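Topology and contacts: notes
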Amino acid sequence: MIRLLFTIIAGVLLGGVVHLVSVLALPSIASQDAYSRLTPMTKLNEVTQLPLADPGNSPMPLMDPAFAMAICRYDLSTGPIKLTVPVSQAYTSVSFYTRQEIAYYAINDRSAGKKVIELDLMTEAQHEDLPEDEEITSADRLIIDSPTTTGLILLKALAPEPGLMPQAQASLAAAKCKVQSEPTAAKQDAPTPAPAPSPARKR
């Protein structure tokens with residue numbers, strides 16, 4: 001009886017370990033992950049609105065029909081990204097995922113406390129290369145470090161009623177996800193003009 005009990009417990013533990021390993025390994029071995037499925041319908045480093053949730057044709061699993069959704073498929077190899085998302089009347093959230101669909105950051109309009117969610121996304125190496133500027137504080141500039149060079153940004157705007165869905169979609173349509181241009185070089189001080197010659201004295 002004891003041997004049978006130990007066998008059952010060992011089988012349950014082994015099944016749990018196999019299940020956990022398979023779940024953790026699935027994103028890395030899946031050939032049609034979210035990034036791959038969204039690549040044909042999205043542009044790199046641009047915000048693309050997704051069609052409304054449809055049980056028969058959904059680009060992403062578990063899409064909520066009460067939310068308008070958009071995707072920014074980013075690549076930081078050419079530089080950091082500036083993300084700006086106007087908040088909707090009800091609720092707006094932004095979630096960040098690595099290429100392997102691992103969530104590493106999220107923010108919403110409540111935590112942002114502004115009418116526009118604005119932040120800079122970059123790799124740790126790009127963050128370290130930023131020049132120190134005493135005039136820029138963490139409250140003025142939100143910087144997010146991405147653990148991978150490529151990934152996905154999911155934008156969601158809530159429509160509490162079906163009639164408010166166009167407003168939610170309009171707020172996401174105004175969102176921007178662009179690679180930052182290189183900082184302009186500091187303007188050099190113009191050379192001081194030479195003093196004008198004094199008028200000749202009449203003799």
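Look a little higher up for the structure.
Residues numbered from 1 in each chain as written. Predicted model: local features only at pLDDT ≥ 70, side-chain atom pairs only at ≥ 80, totals over all residues. Heavy atoms only, no water.

The subject of this paragraph is the overall build of the protein chain. Of regular secondary structure, the protein chain possesses five helices and nine strands. The helix and strand sequence of the protein chain, counted from the amino end, reads α-α-β-β-β-β-β-α-β-α-β-β-α-β. Per-residue burial over the protein chain gives 29% buried out of 203 residues. Counting only contacts in the protein chain whose residues sit at least 6 apart along the sequence, the fraction spanning at least 24 positions is 69%. (Helix = DSSP H or I, 4+ residues; strand = E, 2+ residues; numbered from the N terminus. Buried < 20%, exposed > 50% of the residue type's maximum accessible area, 1.4 Å probe, protein only. Contact = heavy atoms within 4.5 Å.)

A separate point is the pattern of salt bridges. Taken as a whole, this structure holds three salt bridges when the rule is applied. Arg 110 is paired through a salt bridge with Asp 109; the nearest N and O atoms lie 3.1 Å apart. The structure contains a network of salt bridges with shared partners spanning Lys 82, Glu 118 and Asp 120. (Salt bridge = Lys/Arg side-chain N within 4 Å of Asp/Glu carboxyl O.)

Let's shift gears to the nonpolar core. Counting residues in each nonpolar core, the largest one holds 24 residues, and the members touching the most others are Leu 83, Val 85, Val 94, Leu 121, Ile 153 and Leu 155. Every element with two or more residues in this core is listed here: β2 (67–75), β3 (81–86), β4 (92–98), β6 (116–123), β8 (150–158) and α5 (165–173). Ignoring sequence-local partners within four residues, the contact set of Val 94 consists of Leu 83, Val 85, Tyr 105, Ala 106, Ile 107, Ile 117, Ile 153, Leu 154 and Leu 155. Met 63, Phe 67, Leu 152 and Leu 154 belong to the second largest nonpolar core, which has 10 residues in total. (Core = buried A, V, L, I, M, F, W, Y, C linked by side-chain atoms within 4.5 Å.)

Attention now goes to the state of the cysteines. Summed over the entire model, instances satisfying the criterion amount to one disulfide. Sulfur-sulfur distance for the disulfide between Cys 72 and Cys 177 comes to 2.0 Å. A torsion of -55° about the S-S bond marks the disulfide between Cys 72 and Cys 177 as left-handed. One end of the pair, Cys 72, is in strand β2; the other, Cys 177, is in strand β9 (residues 176–179), with 105 residues separating them in the sequence. With respect to class, Cys 72 is no different from Cys 177; both count as buried. (Disulfide = S-S within 2.5 Å.)

So, on to the pairing of β8. When β2 meets β8, the two strands line up antiparallel, connected through nine bridges. Each residue of the ladder has a partner; that of Ala 70, found in β8, is Leu 155. Relative to β8, β4 is paired through seven bridges, and the arrangement is antiparallel. Residue pairing for β8: Ser 93 is matched across the bridge by Lys 156. (Pairing = 2+ DSSP bridges.)

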